[in-house]
Structures are given as structure tokens and as C-alpha cells.
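# Coordinate inspection notes
Below are the chains, spelled out letter by letter.
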Amino acid sequence: MVGPALALLAAAGAVFCVGVFLWVVCSHFLTVHIPKGIGHPVKLRVLTCLFQLSLTWGNIFEKLGLCSAPQFASFVHDLQPLRTHPDVVVTDLCFGSIPVKLYKPKAPSRALRAGIIFYHGGGAILGSLRTHHNICLYLSKDSDSVVLSVGYRKAPKYKFPVIRTDCTVATVHFLKSLHAYGVDPARVVVCGDSVGGAVASVISQMFVNRTDLPRLRAQVLIYSALQALDFQSPSFQQNKNIPLLTWDFAFYCWCCHLGMSLSWKDAIKNGTHLPPEVWEKYRKWLGSENIPERFKEQGYQPVPHGPVDEDIYLQTSVVRDWTCSPLLVEDDILSQVPETCIVSCEYDLLRDHSLLYKKRLEDLGVPVTWHHMEDGFHGVLNTLNMGFLSIPCSSRIMSVITQFIKGL
């Protein structure tokens, strides 16, 4: 009797797995909205399905009490094999308890090389040293630089400011050991994508007055998340349903990272988590008047903020901390950050973060190099060298970043 029972159980499990797969395909591959301006829509549909499939199974395992949804999705994403390159040596290290990967060109160099400290994206809940391995591998090869990739602890288990703390520790360790890695102290760059870009910008701001460390030469910010207050800017209205970063998923990441309640979604979106005087204080930096008009042509409508919910306001004070929202740092600090390269994507929920930060930096006299990908979307850089699923925009982003670094 045991044999037939196991067979029946296996068959039921197989049917359930097929059902989950078909549900994801029907609910995402066939229905997801992809604007005409995005090239290779079929590839993006496939990527969306694979991403949503990992999250769906994660939610199932979370409901079963086995692990959190992000933990399972991260486990699946980390299963991808790591590529090697004959011209780059990759070494796994630990700075204290923080895992890092060091990428160094194999060819000998008479001169010290530029150093790049890379902080990966993933909404603070996904992403790892493995998911961003290709990016760091080719960043090292194409720019002939030593790259340090930092493996910080993530939400929902570890919340703000753990990411900042881990990245700060790893950065200080590296900056104090540059000679051991053949890095020129005058050419150290911090770089990151998405939430990793937020970390890079915060590190740049925190270190402007550090006299005990080499001064950072530049920062490279790739479709970065730079503020956690306003969710009604033009890009949030226009791109709220664009994969791979929808408004629903972004808010979920926001809650996991900052320890907020998912039930506050409507209040946060409508701006009732802040009183009028706070909105007025930050309007000079966050107001839509700071965004070029051409980015408002696709249906943007200003939304008045509702009456403040005092309870939510008191519990969301962290979003006004500039180490959480680096776009809000005061002028006397921001004016001292190093030369900056900003990459933004047209079809990105976070596009306006880059536009607002670019304007602030330029107004303060900080040199800015800006590259806008008209066909880009959030997360596109991770398709770099992904075979059939590679999207050309990823190669263009890598090219402009490496050219910027080689020009320092």
C-alpha cells in the first residue's frame, strides 16, 4: 500500500507544480504590459516569468512555514553557474564576517590599477555575490580594474541599517588595504545598481570628511534607489506595472528593508505618511518641477497629499534619514561628493531618482556624466552575457561605465 500511496502523492505534486507553472505563465507571460519602446519584449516576458516563478514558489514555502519568500527566491537565483574568464582572477575572501569577491585582471601591470567597490542591487531582499558575478567579472576585465564585490546581509531577516553597516565595514577594510591589491589610492570608485547605488551614494556622502582614508575618486550609480518618501513622481505613475520592478514589488521590498507594515500601502502611496510641512521642506529637492518636461509627457498628473496619518508618520521617521534617502542629504555634504556617473532607464519605476539627484549635484557644482537608456528597464544590467536572454542595453550600460572609469 505504501508504493501506490507514494505514487499518488508524487503525481499530485507533479500536477501541482505544473499548475503553478501554468498560472505564472498565464498571469505574467501573456498579460504583462511591455511598452513598445522596450526592445526584445519576448526576452523580458521570459525573464518576468522566471522571476515571478521563483517568488511564487517562495510565497508557497513561506505559507508552509519553511522559509521566507525572499530566502527561497535568493536560493533559486544563486543556483546559476558562475562563469570564468581567462583574463580575470576571482578570489573569495571575508572581511571579518562579511563575504566579498575580489576580481583582478590576470595580466601584470606596471602601474597601480583603479579600484572599484561594487554593491549589488536586489531591493535589499534579493541579489548576491553570485547574481552580480557577471557584472563584476566584465567590469574588471573591460576597465582593467580591481573590483571588490560586497556580500552584505539582507532583509527581511536583517533590516536597515544593516546593509549600510556591512558595506561601510567592507569599504573601510578595502581602503586601508589598497596596497595589498595593487590599487591606486587616487583612483577608487564606488559603484552599485538599484539599492546598491543607494549604498554607493551614502558611502560617498559619509566619507567626504574622512581624513584617515583615501578620498574616493568617483561614484557610479546605476538606476539607483535614492529616496524613500515620494511615490507619486512621473516615473512612479508611468512605470508602476513595468517588470521587473513594479510598484507592488517595490513596496514589498521597502517594507521588508525598513520594517514597515504592508497595510500602509495606500497611505504611503498617497503621501499621508508625512505632514504638509515635511513635504514643503523637501519639495525643493523632490518636486516634479525639478524633472525635465519631456519626462512628464506620458500621462503624469500631480497628486495632492491627503491629511497626515499621525501613527504612520511617527513610525516612518527612518525614511527621512539621509542614510536611508541619500537624495535628502544637506548641501554642505552633497557638494563635496566625488565626480559622478549616473545611468538611468526610461522604463524604470526609479528613473526620477536619478534625474533629481543629477540636478542636485549639478546645481552644487559636482561634475556629472549622465547616460539615459531610452529602451532600458530596471534590472536590465543583470542580463549581461546571459546567452539567449541577454538584452543589448546591458552591454551599452557596461560600455559607458567602463569608459567613464578608464577616463578617470
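Given the structure is predicted, the values throughout are model-derived calculations rather than measurements.

### Side note on the overall build of the protein
When helices and strands are counted, the protein shows 15 helices and eight strands. For 408 residues, the compact-globule estimate of 2.2 N^0.38 gives 22 Å, and the protein sits close to it at 22 Å. Each of the three principal axes of the protein carries a C-alpha extent, and together these read 75 × 60 × 40 Å. Evaluated residue by residue, the protein yields a buried proportion of 55% over its 408 residues. Here the contacts in the protein between residues at least 6 apart in sequence split such that 77% fall between residues at least 24 apart.

### Description of the sheet that holds strand E3 (residues 113–119)
Ordered by their spatial adjacency, eight strands build an open sheet running E1-E2-E4-E3-E5-E6-E7-E8, and the pairing between neighbours is mixed. Since the sheet does not close on itself, it has two edges, and those belong to strand E1 (88–95) and strand E8 (368–377), each with one partner. Going across the sheet, the axis of each strand differs from the next one's by a mean of 20°, ignoring polarity. By the bridge criterion, five bridges tie strand E5 (residues 183–193) to strand E6 (residues 218–222) in an arrangement that is parallel.

### Some words on the nonpolar core
Formed by 84 residues in total, the largest nonpolar core has its most connected members in Ile117, Tyr119, Phe174, Trp254 and Leu258. Ranked by residue count, the leading element in this core is helix H9 (residues 247–258), at nine residues. The next biggest cluster of nonpolar side chains, apart from the first, holds 42 residues, and it includes Phe118, Cys136, Val380 and Val400.

### Let's talk about the side chain of Asn239
With respect to the secondary-structure elements, Asn239 resides in the loop between helix H8 (234–238) and H9. Judged by relative accessible area, which is 3%, Asn239 ranks as buried. Once residues within four sequence positions are removed from consideration, Asn239 is found in contact with Leu245, Glu346, Tyr347, Asp348, Leu349 and Arg351.

### Details of unusual backbone geometry
The peptide bond linking Ala155 to Pro156 adopts the cis configuration, its omega dihedral lying at 5°. With respect to the secondary-structure elements, Pro156 resides in the loop between strand E4 (146–150) and helix H5 (162–175). Backbone torsion omega between Phe160 and Pro161 reads 10°, so that peptide bond is classified as cis. Mapped onto the secondary structure, Pro161 falls in the loop between E4 and H5. Unusually for a residue other than glycine, His40 sits at a positive phi of about 55°. Mapped onto the secondary structure, His40 falls in the loop between helix H1 (2–29) and helix H2 (41–63). Overall, His40 belongs to the partly exposed group, its relative accessible area being 38%. Here Tyr223, not a glycine, exhibits a phi torsion of approximately 30°, which is positive. Residue placement: Tyr223 occurs in the loop between E6 and H8.

About the thresholds
- Per chain, residue numbering runs from 1 following the sequence as it is written.
- This being a predicted model, a pLDDT of at least 70 is required before a residue's local features are given, and a value of 80 or more before pairs of side-chain atoms are given or counted; all residues contribute to the totals for chains, interfaces and linings.
- The side-chain numbers reported here are obtained from all heavy atoms of the structure, hydrogens and water having been left aside.
- Secondary structure elements follow DSSP: runs of H or I no shorter than four residues count as helices, runs of E no shorter than two count as strands, and numbering proceeds from the N terminus.
- Radius of gyration means the value over C-alpha atoms here, while the globule rule gives 2.2 Å times the residue count to the 0.38 power.
- In this scheme, a residue with accessible area under 20% of its type's maximum is buried, one over 50% is exposed, and one in between is partly exposed, where area comes from a 1.4 Å probe on protein chains only.
- Contacts were defined at the residue level, with two residues in contact if any of their heavy atoms lie within 4.5 Å.
- For two strands to count as paired, DSSP must find a minimum of two bridges between them.
- For helices, the fitted axis covers only the stretch in contact; all axes are lines through C-alpha atoms, and the angles between them, taken along N-to-C directions, range from 0 to 180 degrees.
- Here, nonpolar core refers to any group of buried Ala, Val, Leu, Ile, Met, Phe, Trp, Tyr and Cys residues whose side-chain atoms link them within 4.5 Å.

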